[in-house]
Protein chains: 2
Amino acid sequence: MEDKIRTLLKGYGLSITESRLGVLQFFYSNNGAMTHADIEKQAGNKMDRVTIYRTLQTFEEKGIIHSIPSADNMVRYALCKEQCTAGHHHDNHVHFLCNTCGKTSCLDHVLVPKVKLPKGFLPSESNMVVRGTCNLCRA
Amino acid sequence: MEDKIRTLLKGYGLSITESRLGVLQFFYSNNGAMTHADIEKQAGNKMDRVTIYRTLQTFEEKGIIHSIPSADNMVRYALCKEQCTAGHHHDNHVHFLCNTCGKTSCLDHVLVPKVKLPKGFLPSESNMVVRGTCNLCRA
DNA sequence: GTAACTGCAAAATATTTGCATCCTT
DNA sequence: AAGGATGCAAATATTTTGCAGTTAC
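Residues numbered from 1 in each chain as written. Chains lettered and ligands numbered in written order. Predicted model: local features only at pLDDT ≥ 70, side-chain atom pairs only at ≥ 80, totals over all residues. Heavy atoms only, no water.

Here's the deal with the packing of helix α3 (residues 36-43) of chain B against helix α4 (residues 49-62) of chain B
Residue and element names in this part refer to chain B. To keep it simple, the criterion reads: The axes used here are C-alpha line fits, helices contributing only the stretch in contact, and every angle between their N-to-C directions lies in the interval 0 to 180 degrees. Helix and strand definitions follow DSSP, with helices as H or I runs of at least four residues and strands as E runs of at least two, each counted in order from the N terminus. Here roughly perpendicular refers to angles of 65 to 115 degrees, roughly parallel to angles under 35, roughly antiparallel to angles over 145, and oblique to all remaining angles. Whether a crossing is left-handed or right-handed is set by the direction in which the near helix is turned from the far one by less than a right angle, anticlockwise for left-handed and clockwise for right-handed. For this analysis, residues touch if any pair of their heavy atoms sits within 4.5 Å. Three classes are used, and their members are as follows: Ala, Val, Leu, Ile, Met, Phe, Trp, Tyr, Cys and Pro are nonpolar, Asp, Glu, Lys and Arg are charged, and the others, Gly among them, are polar.
Contact geometry for α3 and α4: axes closest at 10 Å, N-to-C directions at 130°. Looking at the two axes, α3 sits oblique to α4. Like other packed secondary-structure pairs, α3 and α4 cross with a definite hand, here right-handed. On α4, the residues that touch His36, Ile39 and Glu40 of α3 are Arg49, Ile52, Tyr53 and Leu56. Tallied by class, the residues present in the contact of α3 with α4 amount to 4 nonpolar, 1 polar and 2 charged.

This is the structure:
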């Protein structure tokens, strides 16, 4: 696992550091979206708040993670699954935000549908967030 | 115009105050989505920052405005066009965020399409934001 | 007159920046 | 060794809360 992460970082031209390994670990083991606060909590006092900000920013710029729009004011991040390159994200999947457990999941296999826009509007990318009850909370 | 707004407020059981009239004026004349900062700027120093927070919160609770999730993580608000009631929003339309002018528009006639979710996921509401270039900026 | 709304002050949170130090390559 | 990354301190920015004074009805 750690090897996989190291390779990933190298592939993006980033140096391998404690913090970056740590944050990526969280993303891989959590398998969902996380806020800055989630990461901070999970890191305990091992990681400086500022470092987390900078790490997330770097990861997003490089295309390792993407931010998920939400109506509740909290920025969430999740791993990019497809070929995201610096500055160009292709996370063309739907996100699901559970009203019960609060977790956000990437529905990797549900693509954001194209919509017909009014005359004159030129789309470049779309985002879709569905709220409701997730598979685990319905059980 | 002001009469229309007064009637609206009354209809929602809210008392008619300077601030509320003002904020609604902005929404009606702007015909787009606005952030808290937009409103504050537009109000100059006429309106207290805190009052704006509370006004927006009240309006959202009552179903007069709805918040729009966005990928750049700034909460935007726009008028509800359909029959939104307290706690129950039905702004089932797509939002368009222009990368050039930064304005967010409600595409009232473009409905958010239904998507087929994985087994176990129960949707309650959906949001969709398309980014790109708006009709005005393409001219 | 009463309940609701506002403004001010201040607390609580969240985010950004500068810089000296440490780590990766 | 050199450039990049981190940690700390502090500057900014954002949001929330309490309360006294004011306003709408």
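Side note on the environment of Arg6(A)
Residue and element names in this part refer to chain A. Tracing the sequence through the fold places Arg6 in helix α1 (residues 2-11). C-alpha of Arg6 to C-alpha of Phe26: the two residues are 20 residues apart in sequence and 14 Å apart in space. If we skip the residues at most four places from it in the chain, Arg6 touches Ile16 and Leu21.

Details of the sheet that holds strand β1 (residues 34-35) of chain B
All names here are of chain B. Inclusion rule: The pairing criterion for strands is at least two bridges between them, as found by DSSP.
Spatial strand order, β1-β3-β2: 3 strands in an open sheet with antiparallel pairing. Edge strands, defined here as strands with exactly one partner in the open sheet, are β1 and β2 (65-68). The pairing of β1 with strand β3 (residues 76-79) spans 2 bridges and is antiparallel. Counterpart to Met34 in the pairing with β3 is Tyr77. Strands β1, β2 and β3 of the sheet are contacted by helix α2 (residues 18-30), whose axis makes an angle of about 80° with β3.

A look at the sheet that holds strand β2 (residues 65-68) of chain A
Residues and elements named next belong to chain A. Strand order in the open sheet formed by 3 strands is β1-β3-β2, and the pairing between neighbours is antiparallel. Two strands close off the open sheet at either side, each with one partner strand: β1 (34-35) and β2. In this fold helix α2 (residues 18-30) packs onto β1, β2 and β3 (76-79), with an angle of close to 80° to the strand it touches most, β3. Along the sheet face, helix α4 (residues 49-62) touches β2 and β3 and points at about 105° away from the line of β2.

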